[in-house]
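Secondary and tertiary structure notes
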Amino acid sequence: MPDEINVLGGGGEEVAGLACHQADWHHLGRIAMQMLLRRLGENKAAEPEHQLFPHTLRPGHTTAPPPREPRGQRIGVIEI
């Protein structure tokens, strides 16, 4: 499949051979709820918060590195 199209799962799907972006969704949910509850308890406008969460890439057989030289027509690229 990587010869024509790359497929990357987002969320930890358990599909044999699927390359996947894996995040700790339970931790993300806990932090989101803490932020929500904190905001609900404040009587003033809250400043936006920026959170970064760790993630991993689980390799599979559905992605490949980009080709060194363009081959044929590609979406979003006009070849002249």
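Report on the accompanying structure.

**Notes on the pairing of strand S2 (residues 19-23)**
Here strand S1 (residues 8-10) runs beside S2; their pairing, made up of 3 bridges, is parallel. Paired with glycine 10 across the two strands is histidine 21, which belongs to S2. Bridge analysis of S2 against strand S3 (residues 55-58) gives 4 bridges, and the strand direction is antiparallel. Its bridge partner being in S3, glutamine 22 is matched across the sheet by threonine 56.

**A closer look at the pattern of salt bridges**
With the rule as written, the count across this model stands at 2 salt bridges. One salt bridge in this structure joins glutamate 49 and arginine 38, with 2.9 Å as the shortest N-O distance. With glutamate 49 in the loop between helix H1 (25-41) and S3 and arginine 38 in helix H1, this pair connects stretches of sequence that are 11 residues apart. The shortest N-O distance in the salt bridge between glutamate 49 and arginine 39 comes to 3.6 Å. Taken together, the residues span a long stretch of sequence, with glutamate 49 in the loop between H1 and S3 and arginine 39 in helix H1 at a distance of 10 residues.

**So, a nonpolar patch on the surface**
Taken together, the side chains of Met33, Leu36, Leu37 and Leu40 make up a nonpolar region of the molecular surface, amounting to roughly 420 Å² of accessible area. Position of leucine 36 among the secondary structure elements: in helix H1. A residue is classified by how much of its surface remains accessible, and leucine 36, at 43% relative accessible area, is partly exposed.

Parameters at a glance
- Residues numbered from 1 in each chain as written.
- Predicted model: local features only at pLDDT ≥ 70, side-chain atom pairs only at ≥ 80, totals over all residues.
- Heavy atoms only, no water.
- Pairing = 2+ DSSP bridges.
- Helix = DSSP H or I, 4+ residues; strand = E, 2+ residues; numbered from the N terminus.
- Salt bridge = Lys/Arg side-chain N within 4 Å of Asp/Glu carboxyl O.
- Patch = residues over 30% accessible without salt bridge, like charges linked within 9 Å, V, L, I, M, F, W, Y side chains within 5 Å.
- Areas by Shrake-Rupley, 256 points an atom, 1.4 Å probe, with all protein chains shown as cover.
- Buried < 20%, exposed > 50% of the residue type's maximum accessible area, 1.4 Å probe, protein only.

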